[in-house]
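Architecture at a glance
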Amino acid sequence: MSQNITLIATAAMGLESVVASEVKQLGYEANVENGKVIFNAPVSAIPRCNLWLRSADRVKLHVGRFKTETFDDLFEATKALPWENFITEEGKFPVSGKSVKSTLHSVPDCQAIVKKAIAEKLKLKYGFAGNLPETGGLYKVEVAIHKDDATLTIDTSGSGLHKRGYRIGQGDAPLKETLAAALIMLTNWKPDYPLIDPFCGSGTIPIEAALIGQNIAPGFNRDFTSEDWKWIKNRYWDEAFEEVEDKANYSQKLNITGYDIDHRMIEISKENATEAGLGDLISWKQMQANDLVLREQNGYLIGNPPYGQRIGDKEAAGEIYSELGKIMKKHPTWSIYILAAFDAFEQKFGQKATKKRKLFNGFIQTNYYQYFGRKQ
Ligand SMILES: C[S@@+](CC[C@H](N)C(=O)[O-])C[C@H]1O[C@@H](n2cnc3c(N)ncnc32)[C@H](O)[C@@H]1O
């Protein structure tokens, strides 16, 4: 296919602008809506976006959008879309759905109607009288209806883009890799500055920082469902993988350290970093945050400490923030970025944040507290 397509990079709430700037950096014009970034691009953007987007949840192919209030409308408008451009004769096309504040609120019915409409269209185009074989590549269709506005997409990613392929172990509350990458991209950290995470858990922030620091594509170590799609020329995937190799800067030196009070977490972090191919690049050390000693200037502390949400833990969390605040007060050139769900965080830390941003860590509403250092 030579004409442009429309893609949707889905984003966690609050991260749309981060995803949009990544899409722009790849060279595409981006329009932001709630939870998604929409853009027109050549077909080669499917491999490139899947391989490179660090903060997006998935990349979906936009097939069509229309108003719908009746099942007949939904059927006819779905059938009118050019499914044969994307789903091959033997393609498998399961349909999932969601409906919010819409007249058509029965999701199973919407899914069944969309499935039937696509099947009719494909049978007509490919000349099948009976059932389609559905033995080939996977094309996961989604019908998403919001205030009677239906969007039909096909997922190009497969498993979510947070699944980079390096996480072999994790703790109780790991950050999603996409959120960790966003937390780093929301700072002005550059690879030649020191970066520490005093609460590294399974190592997500240091590992994502090392990938960013050496410009390694986050998707280099995994597969994508659209790799099997015949209408995406192999050449596009080959070129995208070549670009990944060309742009990686393996000689970039890094100064990244992850600490955790729990030595088991440090072992898990090491294993994950090795799996990501970053074994020697990140330093790991078992240590509690109030023993932190900083010998360098102009560093970045990016961390996701315990939130103290379990009964009885609140006081301990407050104590950790307060001790950390005292230590960091002695290091005014350091920038500090803390993701926490704790109302009195600034009070405990002992300083008002330069900037705050509301973000969701899974279902937990958090604040990203940002303290800008005075660089020397
Ligand atoms: C929310 S988890 C961090 C998860 C991590 N971002 C990840 O992706 O796996 C908080 C971590 O802080 C560690 N921790 C708790 N108290 C600590 C302290 N006083 N000093 C250092 N680490 C601590 C816990 O062991 C836990 O691994």
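What you are looking at is a predicted structure, and each value in this text was computed from that prediction instead of being measured.

Another aspect to go through is the overall build of the protein chain. Each helix and strand in the protein chain was counted, giving ten helices and 14 strands. Relative to the globule expectation of 21 Å for 376 residues, the C-alpha radius of gyration of the protein chain, 23 Å, shows essentially globular dimensions. Projected onto the principal axes, the alpha-carbon positions of the protein chain cover approximately 75 × 45 × 35 Å. Out of the 376 residues in the protein chain, the part that is buried amounts to 41%.

Okay, the UniProt feature "domain: THUMP" (unreviewed entry) in the protein chain next. On the UniProt side, "domain: THUMP" (unreviewed entry) is annotated at positions that read residues 45-156 here. Within residues 45-156, the helical portion is 33% and the strand portion 26%, while the C-alpha atoms at the span's ends are 11 Å from each other.

Attention now moves to the domain arrangement of the protein chain. One can read the domain layout of the protein chain as domain 1 (5-155) and domain 2 (177-221 + 248-371). Measuring from the centre of the C-alpha atoms in domain 1 to the corresponding centre in domain 2 gives 36 Å. Residue-level contacts link twelve residues of domain 1 with 14 residues of domain 2. Tallying contributions element by element places helix H2 (residues 45-52) first for the side of domain 1 that touches domain 2, with three residues. Residue composition of the side of domain 1 that touches domain 2, by class: seven nonpolar, three polar and two charged.

Turning our eyes to something else, we now look at the packing of helix H3 (residues 71-79) against helix H4 (residues 107-126). Across the interface, H3 lies against H4 with an axial gap of 8 Å and an inter-helix angle of 35°. Crossing hand, H3 versus H4: right-handed. Along its contact with H3, which presents Phe71, Leu74, Phe75, Thr78 and Lys79, the element H4 presents Asp109, Cys110, Ile113, Val114, Lys116, Ala117, Ile118, Glu120 and Lys121. Among the residues making up the contact of H3 with H4, the classes are represented as eight nonpolar, one polar and five charged.

The next subject is the sheet that holds strand S14 (residues 364-371). Overall, mixed pairing links the seven strands, which are arranged S10-S9-S8-S11-S12-S14-S13 in an open sheet. Each edge of the sheet is formed by a strand with only one pairing partner; in this case those strands are strand S10 (282-286) and strand S13 (355-361). Geometrically, the sheet is characterised by an average inter-axis angle of 20° between neighbouring strands, direction not taken into account. Sitting on the sheet, helix H8 (residues 263-275) touches strand S9 (256-260) and S10, and the angle it makes with S10 is about 165°.

The next point concerns the packing of H2 against helix H7 (residues 234-247). It is the contact of H2 with H7, at a shortest axis distance of 8 Å, that shows an interaxial angle of 35°. Between H2 and H7 lies a crossing of right-handed hand. In this structure, H2 contributes Pro47, Arg48 and Leu51 to the contact, and H7 contributes Tyr236, Trp237, Ala240 and Val244.

The subject of this paragraph is the sheet that holds strand S7 (residues 149-155). Ordered by their spatial adjacency, seven strands build an open sheet running S2-S3-S1-S4-S7-S6-S5, and the pairing between neighbours is mixed. Strand pairing shows two members of the sheet lacking a second neighbour, strand S2 (31-33) and strand S5 (95-100), which therefore form its edges. For this sheet the average axis-to-axis angle between neighbouring strands, irrespective of direction, equals 30°. The sheet contacts of H4 involve S5, strand S6 (141-146) and S7, and relative to S5 the element is tilted by about 135°.

Residues in close proximity to the ligand total 21 residues, the closest being Phe199, Gly201, Ser202, Thr204 and Ala289. Split by residue class, the shell around the ligand holds twelve nonpolar, seven polar and two charged.

Most often, soluble globular proteins have nonpolar side chains that are buried together. One finds Ala9, Val19, Val114, Leu183, Ile184 and Ala210 to be the most contacted residues of the largest nonpolar core, which totals 103 residues. Two domains each provide a minimum of three residues to this core, namely domain 1 (5-155) and domain 2 (177-221 + 248-371). Not counting the four nearest positions on each side in its chain, Val19 is found in contact with Ala9, Ala11, Val37, Leu53, Ser55 and Ala56.

Within a regular strand, side chains alternate between the sheet's two faces. Judged from the five bridges that link them, strand S12 (residues 335-340) and S14 form a sheet pairing that is antiparallel. Its bridge partner lying in S14, Leu339 is registered against Tyr368. The pairing of S13 with S14 spans seven bridges and is classified as antiparallel. What sits directly across from Lys356, in S14, is Tyr369. Between S13 and S14, which follow one another and run antiparallel, lie two residues, and Gly362 among them has a positive phi close to 65°.

In terms of strand pairing, S9 meets S10 through five bridges, oriented parallel. By the bridge assignment, Tyr259 is partnered in S10 with Lys285.

Turning to the environment of Tyr236, a few remarks are in order. Locating Tyr236 in the fold gives a position in helix H7. For Tyr236, a count of 17 C-beta atoms within 10 Å corresponds to the partly exposed category. For the pair Tyr236 and Asp223, spaced 13 residues apart in sequence, the C-alpha to C-alpha distance is 15 Å. Tyr236 has contacts with Val43, Ser44 and Pro47, leaving out every residue within four places of it along the chain.

Here we come to unusual backbone geometry. Although it is not a glycine, Glu134 adopts a positive phi angle of roughly 50°. With respect to the helices and strands, the residue Glu134 is situated in the loop between H4 and S6. Note on Glu134: 16 C-beta atoms within 10 Å, which makes it partly exposed. Backbone geometry places Lys147, a non-glycine residue, at a positive phi of 45°. Topologically, Lys147 is positioned in the loop between S6 and S7. When the 10 C-beta atoms within 10 Å are taken as the criterion, Lys147 is described as exposed.

Definitions and limits used
- Residues numbered from 1 in each chain as written.
- Predicted model: local features only at pLDDT ≥ 70, side-chain atom pairs only at ≥ 80, totals over all residues.
- Helix = DSSP H or I, 4+ residues; strand = E, 2+ residues; numbered from the N terminus.
- Rg over C-alpha atoms; globule rule 2.2 N^0.38 Å.
- Buried ≥ 20, exposed ≤ 12 C-beta atoms within 10 Å, placed from the backbone.
- UniProt positions renumbered as here; feature names shortened; annotations may be inferred.
- Domains from an automatic or database assignment.
- Contact = placed C-beta atoms within 7 Å.
- Nonpolar A, V, L, I, M, F, W, Y, C, P; charged D, E, K, R; others polar.
- Axes fitted to C-alpha atoms, helices over the stretch in contact; angles between N-to-C directions.
- Left-handed = near helix turned anticlockwise from the far one by under 90°.
- Pairing = 2+ DSSP bridges.
- Near = placed C-beta within 6 Å.
- Core = buried A, V, L, I, M, F, W, Y, C linked by C-beta atoms within 7 Å.

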